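# Structure assessment
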Amino acid sequence: MIYQDLKNKRVLVTGSSSGIGQATAIEFAKQGCFVGVHYFRTKQGGEQTFAEVKKHSDGILLKADVRSQSQVNKMVGRFAKTAGGLDILVNNAGDLIERQPFETATAAYHDNIYETNVRSIFFVTQAALDWLKKSAGCIVNVGSVAGHHGGGDGAGIYAGAKAAVATETIAMAKEFARYGIRVNTVAPGFIETRFHQRYSSAQRVKATVQQTPLGRNGTPEDIAMAILFLTSSEAAGFITGEYIAVNGGLYMRA
Ligand code: NAI
């Protein structure tokens, strides 16, 4: 599926060294976009994504810890200067870090979860805002099904943070509409990436397939395609403050 209006858009995808971010960066490259591939710990993953991007289009490889405002500011500035602006921001970087139940979780863990999943989006979005105003661009924030159902074992604090992402998305949509900027959330269900290689047992991965009405776990491309849809003004130009669940029916709501 090619969206004509996405061609030549300048897109920054945070956390694109693996999983959902990697697939999203590659799909934007296939649309003919200039893509900012961002990594933090895994340079090799970033380089791998970047090599795929270069097969279809052009871009730039960027490093930053999204918990650091100064690193984020540098990253966004470098992207916009190189690309000549910024049209689309995908705030995908996020992490469960580890499973810690409320009963024993530490304050440091709680802070780290919110810094990684919520404050990071605030930093990147604020740094990108002047550029997005110039392009009347758009933002997609990556939430989670956990933000609705409260998460699995030891993922409750992460679930709360992802709920905050969805709520802040609505608030941003209200605040930025005056600039013509649309802001939406895509909330993945159970997507087979290294996320679950780290945090979920093989048994859990299998059990989720059985609990999912569509009978499979998601792929990073399932999420990437929903993100693309939301960023195309041809397809979704009147959609803002919306929340799209991509979870195979694992969690449904009216
Ligand atoms: P992943 O582990 O492959 O990707 C996470 C990305 O975030 C990585 O590229 C990582 O480098 C980046 N990241 C984490 N902490 C960072 C930091 N401090 N600074 C800079 N970058 C940082 O996992 P996946 O599954 O692709 O996750 C992508 C997003 O989707 C995350 O926000 C995650 O919370 C969310 N998600 C994933 C689900 C799944 O089932 N895999 C379900 C619901 C949401």
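Report on the accompanying structure.

Parameters at a glance
All residue numbers here refer to positions counted from 1 along the written sequence of the relevant chain. The predicted nature of this model means local features are confined to residues of pLDDT at least 70 and side-chain atom pairs, given and counted, to a pLDDT of 80 or more, with totals for whole chains, interfaces and linings taken over all residues. To obtain the side-chain values, all non-hydrogen atoms of the structure were included, while hydrogens and water were left out. Throughout this description, the term nonpolar core refers to a set of buried Ala, Val, Leu, Ile, Met, Phe, Trp, Tyr and Cys residues connected via side-chain atoms within 4.5 Å. Only protein chains enter the accessibility calculation, which uses a 1.4 Å probe; a residue is then buried when its area is under 20% of its type maximum, exposed when over 50%, and partly exposed in between. Helix and strand definitions follow DSSP, with helices as H or I runs of at least four residues and strands as E runs of at least two, each counted in order from the N terminus. Contact between two residues is taken to exist if any of their heavy atoms lie within 4.5 Å; hydrogens are not considered. Here a helix's expected span is defined as the number of its residues, less one, multiplied by 1.5 Å. For helices, the fitted line uses only the C-alpha atoms of the stretch in contact; every axis is such a line through C-alpha atoms, and the angle between N-to-C directions lies from 0 to 180 degrees. Oblique is the label for any angle not covered by the other classes, which are roughly parallel (under 35 degrees), roughly antiparallel (over 145) and roughly perpendicular (65 to 115). Should the near helix be turned anticlockwise from the far one by less than a right angle, the crossing is termed left-handed; should it be turned clockwise, right-handed. In the scheme used here, Gly and all other residues not listed as nonpolar or charged are polar, with Ala, Val, Leu, Ile, Met, Phe, Trp, Tyr, Cys and Pro taken as nonpolar and Asp, Glu, Lys and Arg as charged. Residues adjacent in sequence count toward polar contacts only when both atoms are side-chain atoms; beyond that, a polar contact is any pair of N or O atoms within 3.5 Å, and within protein one must be able to donate a hydrogen and the other to accept it. For this purpose, a residue is taken to be near a molecule or strand whenever a single non-hydrogen atom of the residue falls within 4 Å of it. The method behind every accessible area is Shrake-Rupley, applied with a 1.4 Å probe, and residues are considered shielded solely by the protein chains displayed. Classification of ring pairs uses Phe, Tyr and Trp, with its six-membered ring standing for Trp, and accepts pairs whose centres are within 6.5 Å; under 30 degrees between planes counts as stacked, over 60 as edge-to-face, and the remaining range as tilted. The salt bridge criterion pairs a side-chain nitrogen of Lys or Arg with a carboxyl oxygen of Asp or Glu, the two atoms within 4 Å.

### Brief notes about the nonpolar core
Residues Leu-12, Val-76 and Phe-79 are the most contacted members of the largest nonpolar core, which totals 40 residues. Secondary-structure elements contributing two or more residues to this core are strand 3 (58–63), helix 3 (69–83), helix 4 (107–135), helix 6 (156–176) and helix 7 (194–199). Sort the elements by how many residues they give to this core and helix 4 lands first, with 10 residues. Not counting residues within four places of it along the chain, the set of residues in contact with Val-76 comprises Leu-12, Val-124, Ala-127, Ala-128 and Trp-131. Of all hydrophobic cores here, the second largest spans 28 residues; its members include Val-11, Val-35, Val-53 and Val-246.

### Quick word on helix 9 (residues 220–231)
Taking 1.5 Å per residue, 12 residues should reach 16 Å; helix 9 reaches 17 Å between its end C-alpha atoms and fits that length. Taken residue by residue, helix 9 has Pro-220, Ile-223, Ala-224, Ala-226, Ile-227, Leu-228, Leu-230 and Thr-231 as its buried positions. Summarising the contacts, the buried residues of helix 9 are in contact with helix 1 (19–30), strand 4 (88–91), strand 5 (138–142), strand 6 (182–188), helix 10 (233–236) and strand 7 (243–246).

### Some words on the packing of helix 4 against helix 6
Helix packing for two helices is described by the angle between their axes and how far apart those axes are. Where helix 4 meets helix 6, the axes come as close as 9 Å, and the angle between the chain directions of the two elements is 20°. In terms of their interaxial angle, helix 4 and helix 6 are classed as roughly parallel. In terms of crossing hand, the pair formed by helix 4 and helix 6 is right-handed. Residue-level contacts link Tyr-109, His-110, Ile-113, Tyr-114, Asn-117, Val-118, Ile-121, Thr-125 and Leu-129 of helix 4 to Ile-157, Tyr-158, Gly-160, Ala-161, Lys-162, Ala-164, Val-165, Glu-168, Met-172 and Phe-176 of helix 6. Split into classes, the residues belonging to the contact of helix 4 with helix 6 amount to 13 nonpolar, 4 polar and 2 charged.

### Concerning the side chain of Asp-87
Of note, Asp-87 is situated in the loop between helix 3 and strand 4. Within the structure, the side chain of Asp-87 is placed 2.7 Å from the backbone nitrogen of Arg-10, a separation counted as a polar contact. Ignoring anything within four residues of it in the chain, the contact list for Asp-87 reads Asn-8, Lys-9, Arg-10, Leu-132, Ser-135, Gly-137 and Cys-138.

### Re the site of the ligand
The local shell around the ligand holds 29 residues, among which Ser-18, Asn-92, Tyr-158, Thr-193 and His-196 are the closest. At 2.7 Å from an oxygen atom of the ligand is found a side-chain nitrogen or oxygen belonging to Ser-18. Here an oxygen atom of the ligand sits 3.1 Å away from a polar atom, N or O, in the side chain of Arg-194. In isolation the ligand offers 810 Å² of accessible surface; the protein chains occlude 97% of this area. Broken down by secondary-structure element, the contributors of at least two residues to the shell around the ligand are helix 1, helix 6 and helix 7. In terms of residue count, the dominant contributor to the shell around the ligand is helix 7 (4 residues). A per-class count over the shell around the ligand returns 11 nonpolar, 13 polar and 5 charged.

### Looking at the packing of aromatic side chains
In this structure the tally under the stated criterion is 4 aromatic pairs. Ring centres of Tyr-158 and Phe-195 lie 5.9 Å apart, and the angle between their planes is 45°; this geometry places the pair in the tilted category. Taken together, the positions of Tyr-158 in helix 6 and Phe-195 in helix 7 put the pair 37 residues apart, joining distant regions of the chain. In terms of burial, Tyr-158 and Phe-195 fall into one category: buried. One aromatic cluster in this structure is built from Tyr-158, Phe-195 and Tyr-199.

### Describing the environment of Gln-71
Among the secondary structure elements, Gln-71 is positioned in helix 3. Residue classification places Gln-71 among the partly exposed residues on the basis of a relative accessible area of 35%. Each C-alpha atom, one on Gln-71 and one on Phe-123, is 9.7 Å from the other, the two residues being 52 residues apart in sequence. Setting aside chain neighbours within four positions, we find Gln-71 in contact with Ala-64 and Asp-65.

### Remarks on the pattern of salt bridges
Applying the stated criterion across every chain, the model contains 11 salt bridges. For Lys-133, the salt bridge identified is with Asp-130, shortest N-O distance 3.8 Å. Placement of both Lys-133 and Asp-130 in helix 4 is noted, with a separation of 3 residues, approximately one turn of the helix.

### Some details on the packing of helix 1 against helix 9
In the contact formed by helix 1 and helix 9, the axes pass within 8 Å of each other and the chain directions differ by 50°. The pairing of helix 1 with helix 9 is recorded here as oblique in orientation. For the crossing formed where helix 1 meets helix 9, the hand is right-handed. Seen from helix 1, the contacting residues are Gly-19, Ile-20, Ala-23, Thr-24, Glu-27 and Phe-28; seen from helix 9, they are Pro-220, Glu-221, Ile-223, Ala-224, Met-225, Ile-227, Leu-228 and Thr-231. For the contact of helix 1 with helix 9, the per-class residue count stands at 9 nonpolar, 3 polar and 2 charged.

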